[in-house]
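Report on the structure
This is what each chain is made of:
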Protein chains: 2
Amino acid sequence: MSLTDCSTATAELDSDCRSATALPIAQRFILAIDLPMRHAGQRRVFLRVEVVGSPQSPAVWVAGGISAGQHVLRNALDVSEGWWQSLADQRGALDPGRYRLLACDWVGAEGDIDAPIDTADQADAIALALDALGIARLHAFVGASYGGMVGLQFAARHAARLKRLVVLSAADRPNPFASAFRALQRQVVALGQLQCADELGLALARQLAMLSYRTPEEFAERFAGPVALEHGRARCSAEEYLQVCGQRYVQRWNSTAFLRLSESIDLHQINPGDVAVPTTLFAVEQDWLAPAEQICALRDALPNAAGCEVIASKYGHDAFLKEPARVDAVLTRAFES
Amino acid sequence: MSLTDCSTATAELDSDCRSATALPIAQRFILAIDLPMRHAGQRRVFLRVEVVGSPQSPAVWVAGGISAGQHVLRNALDVSEGWWQSLADQRGALDPGRYRLLACDWVGAEGDIDAPIDTADQADAIALALDALGIARLHAFVGASYGGMVGLQFAARHAARLKRLVVLSAADRPNPFASAFRALQRQVVALGQLQCADELGLALARQLAMLSYRTPEEFAERFAGPVALEHGRARCSAEEYLQVCGQRYVQRWNSTAFLRLSESIDLHQINPGDVAVPTTLFAVEQDWLAPAEQICALRDALPNAAGCEVIASKYGHDAFLKEPARVDAVLTRAFES
């Protein structure tokens, strides 16, 4: 099929014609799970899981940031871009022809749980999902950002369920500066809620969070234009981009989900000594949410560290999404080791 | 006078007894100035100026961040700590026995001007203040943060009024990432104003701003404690400190002053080629409001750069306040060159 044929035939796919030829098979499950939550008590949660690839292939669990979910990559069931489409498009490690890729929406993502949610709760939910799906052991758990924290909990609590762990841009506990910034974001949401302006507060908190995912270097390149005066107020060149991010976010998320998942990052804490499986780490020099020094210290504290790749990237914390070639190389090495 | 005598005699001074023996003489002026403002039209402003030291000494103008003002250092008129007390306590460059130190409250600091305020307006107000005080030429203009931007404008617009300029942690234009962060802080204030919760919004914006003045390194040291659960919510270890900062801020400032001075940073722009006087620059590797790369690029663009000292400091943008020995060395060299 030529490029022209492809973009004519399936409009949704014109940005990446390679996928159009053979979209991987996929299944979705809504699993009713009785979850003993650390702070929220026993809850019945409905875990939404998407599985891409053949049931015969080795299973790989894939987990991302607090705004990521079950839809990791374009597939026959859902042709829209997944949250880790950039990595899937590398056609390397995240290969649904070779692995069975599983991911879920986070517990609390619907805003139905207004209580503290621990990364241990997420890890336990995933273990129960694997029970329900009849998967005894994962070839790998790959987690980035919040997903990396959950991966560490999963390895600490369910060591027999995975052969290896890959943790990108996450550590054994939150960074105090990042925690302070998230606490202020939650206060912005609360300020909005206080006055029935939920969406304004949530959109603003998301915009603040966006800044912590990126870096001054990237913004200096992207938004070099001068500050304009509009209606007697300064308007900075990044404001429109950030507003769009905020508006898009409130269409999919609600305040409770944001508050409780943001908080969950700050409550995260594991003992590195409890993570016995071979663990590959990935850090970004410019990431100030999960600083490279902290991730390197985690490597030193792990009983079975399989390496820690530190890269430089103007994308900071978001490098796991924006530097797919670098990430793919790390995953490929980890999966084959 | 012994340490014990001192702390008994003057309670306000017990933290720095050396100053108690001979507080420098000082005067305060409220100067009525007719200021042609760039965006706000012709305004009569009342500029509050504090002058410390002998009228016979060479005059040095001292300017700090948007929350700094006329009271730079403890003196006979006002024994409270000044905003640059840390530097004055070095008893080096900022010596009122050797120089006549002048500083003012910013135009707009009282929240009386609800219109865009340009750094050029501040520079012109200072030039008019020098006229009123009969000072033809400054030995030096020393500006840090916003004060550094105003210093650059002053040198560009009133070259005959100063012999040398020292700019700390400021550049010829704002950094786009920092501008985006300030724009969001202003939206937090606006969210508060929306429903008569001005102080909540302002305190929250100030807390966000505080994060941009410091670094992950410093917070990791200071707030290493675990995140606690209080009343069903996570409470991070830096939250109390930040709240105190926010509450203290709203006691002295109002929303209009914050909005217009924050905005003034983003409107700042000068042509480096217009700054003809010898200019010494100071930058901090960890400062993401005024990145060292941007300040080094300014040095390269200045016709008469007298050097650019780049230091490493966990205090980031606030290093000009928290690393007084390093700053004093830079000022001493600049003043004597």
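Residues numbered from 1 in each chain as written. Chains lettered and ligands numbered in written order. Predicted model: local features only at pLDDT ≥ 70, side-chain atom pairs only at ≥ 80, totals over all residues. Heavy atoms only, no water.

**Here's the deal with the layout of surface pockets**
Residues and elements named next belong to chain A. Considered as a void within the structure, the second largest pocket measures approximately 1200 Å³ in volume. Sorting the residues of the lining of the second largest pocket by element identifies α5 (176-194), α6 (198-213), α8 (239-252), α9 (255-267) and α11 (319-322) as the ones contributing at least two each. The greatest single-element share of the lining of the second largest pocket, amounting to 6 residues, is contributed by α8. By residue class, the composition of the lining of the second largest pocket is 22 nonpolar, 15 polar and 13 charged. Lining the lining of the second largest pocket are residues from two domains, each supplying at least three of them: domain 1 (3-173 + 269-336) and domain 2 (176-265). (1 Å grid on protein atoms, 1.4 Å probe; cavity = no way out; pocket = protein on both sides within 12 Å on 5 of 7 lines; lining within 4 Å. Points joined across faces, edges and corners; volume = space filled by probe spheres on them. Helix = DSSP H or I, 4+ residues; strand = E, 2+ residues; numbered from the N terminus. Nonpolar A, V, L, I, M, F, W, Y, C, P; charged D, E, K, R; others polar. Domains from an automatic or database assignment.)

**Details of unusual backbone geometry**
Residues and elements named next belong to chain A. In this structure, R91 is a non-glycine residue whose phi angle is positive, near 50 degrees. Relative to the helices and strands, R91 resides in the loop between α2 (85-88) and β4 (100-104). The backbone of S169 sits at a positive phi, close to 55 degrees, despite the residue not being glycine. The residue S169 is located in the loop between β6 (165-168) and α5 in this model. Since its relative accessible area comes to 1%, S169 is described here as buried. (Buried < 20%, exposed > 50% of the residue type's maximum accessible area, 1.4 Å probe, protein only.)

**A few points about the interface of chain A and chain B**
Counting from both sides, the interface comprises 51 residues of chain A and, opposite them, 51 residues of chain B. Here chain A packs against chain B, burying approximately 4100 Å² in sum over the two surfaces, 74% of which is carbon and sulfur. At the junction of chain A with chain B, the criterion picks out 0 salt bridges. Taken together, the connections running from chain A to chain B amount to 4 residue pairs in polar contact (both at pLDDT 80 or more). Listed by contribution, the elements that provide at least two residues to the side of chain A that touches chain B are α5, α6, α7 (216-222), β8 (233-235), α8 and α9 of chain A. It is α5 of chain A that provides the largest number of residues to the side of chain A that touches chain B, a total of 13 residues. A breakdown of the residues in the side of chain A that touches chain B according to their chemical character gives 31 nonpolar, 12 polar and 8 charged. (Contact = heavy atoms within 4.5 Å. Buried area = accessible area lost by both parts, 1.4 Å probe. Salt bridge = Lys/Arg side-chain N within 4 Å of Asp/Glu carboxyl O. Polar contact = N/O pair within 3.5 Å; in protein donor to acceptor, adjacent residues only side chain to side chain.)

**Here we look at the relation of the copies chain A and chain B**
Once turned by 180 degrees and shifted 0.0 Å along the axis, chain A lies on chain B with an RMSD of 0.0 Å. Both chain copies can therefore be described as sitting about a two-fold axis. Every residue of chain A has its C-alpha some distance from the rotation axis, and the shortest such distance is that of Q195 of chain A, at 3.0 Å. Same-surface contact between copies: 100% of interface residues of chain A are shared with the interface of chain B. (Least-squares fit on C-alpha atoms with pLDDT ≥ 70 in both.)

**Quick word on the state of the cysteines**
As enumerated under the stated definition, the model contains 0 disulfides over all chains in all. Unpaired in terms of disulfides, C308 of chain A finds its nearest cysteine sulfur in C296 of chain A, a separation of 4.1 Å. (Disulfide = S-S within 2.5 Å.)

**Here we look at helix α3 (residues 119-133) of chain A**
Residue and element names in this part refer to chain A. Over its 15 residues, α3 runs 21 Å from end to end, which matches the ideal 21 Å to within 8%, given 1.5 Å per residue. Most of α3 is tucked away: 12 of the 15 residues are buried. If you check which residues of α3 are buried, you get T119, A120, D121, Q122, A123, D124, A125, I126, A127, A129, L130 and L133. A distance of 2.9 Å separates the backbone nitrogen of A120 from a side-chain oxygen at the start of α3, and that oxygen is part of D118. Two residues or fewer past α3, G134 is found with a positive phi of approximately 70 degrees. (Expected span 1.5 Å × (residues − 1).)

**A word on the environment of S80 of chain B**
Residue and element names in this part refer to chain B. Tracing the backbone shows S80 in the loop between β3 (59-63) and α2 (85-88). Classification of S80 by relative accessible area gives partly exposed; the value is 35%. Once residues lying within four places of it in the same chain are set aside, the contact partners of S80 are H71, R74 and Q85.

**Structural notes on the sheet that holds strand β5 (residues 140-144) of chain A**
All names here are of chain A. Across the sheet, which stays open at both edges, the 8 strands sit in the order β1-β2-β4-β3-β5-β6-β9-β10 with mixed pairing between neighbours. The open sheet has two edge strands with one neighbour each: β1 (26-37) and β10 (305-311). Between one strand and the next, the sheet's axes are offset by a mean angle of 20 degrees, whatever the strand orientation. As judged from the 4 bridges shared by β6 and strand β9 (residues 279-284), these two strands associate in the parallel manner. What sits directly across from V166, in β9, is T280. The sheet strands contacting helix α4 (residues 146-157) are β3 (59-63), β5 and β6, and the helix crosses β5 at an angle near 145 degrees. Strand contacts of helix α12 (residues 324-336): β3, β5, β6, β9 and β10, with the helix running at about 160 degrees to β6, the strand carrying the most contacts. (Pairing = 2+ DSSP bridges. Axes fitted to C-alpha atoms, helices over the stretch in contact; angles between N-to-C directions.)

**Let's talk about the environment of Y249 of chain B**
All names here are of chain B. By secondary structure assignment, the location of Y249 is in helix α8 (residues 239-252). According to the relative accessible area criterion, Y249 is buried, its value standing at 5%. Not counting the four nearest positions on each side in its chain, Y249 is found in contact with S67, L202, R206 and F258.

**Points about α9 of chain A**
Helical geometry: 3.6 residues make up each α-helical turn, so side chains three or four residues apart lie on a common side. All names here are of chain A. Under the 1.5 Å per step criterion, the end-to-end length of α9 is 18 Å for 13 residues, consistent within 8% with the ideal 18 Å. By the criterion of burial, α9 is predominantly enclosed, with 13 of the 13 residues buried. Where α9 starts, the residue carrying a side-chain oxygen 3.1 Å from the main-chain nitrogen of T256 turns out to be N254.

**Quick word on the pattern of salt bridges**
All names here are of chain A. One pass over the structure, following the stated rule, counts 44 salt bridges over all chains. Here D118 and R38 are joined by a salt bridge, their closest N and O atoms 3.9 Å apart. With D118 in the loop between β4 and α3 and R38 in the loop between β1 and β2 (41-52), this residue pair connects regions lying 80 residues apart in the sequence. Owing to a relative accessible area of 4%, D118 belongs among the buried residues under this scheme.

**A few points about the domain arrangement of chain A**
All names here are of chain A. For chain A, the domain assignment lists domain 1 (3-173 + 269-336) and domain 2 (176-265). The centre of domain 1, based on its C-alpha atoms, is set 25 Å off from the matching centre of domain 2. Listed by partner, the interface residues are 28 residues for domain 1 and 25 residues for domain 2. Between domain 1 and domain 2 the total buried area reaches about 2300 Å² when both faces are included, carbon and sulfur atoms providing 59% of it. The largest per-residue losses of area from domain 1 upon contact with domain 2 belong to I66, W288 and K314, which jointly make up 31% of the total buried on that side. Between domain 1 and domain 2 we count 3 salt bridges in total. A salt bridge links E221 to K314, with the nearest nitrogen and oxygen atoms 2.7 Å apart. In this structure, the connection of domain 1 to domain 2 is made through 9 residue pairs in polar contact (both at pLDDT 80 or more). Listed by contribution, the elements that provide at least two residues to the side of domain 1 that touches domain 2 are α3 and α4. Residue composition of the side of domain 1 that touches domain 2, grouped by class: 13 nonpolar, 9 polar and 6 charged.

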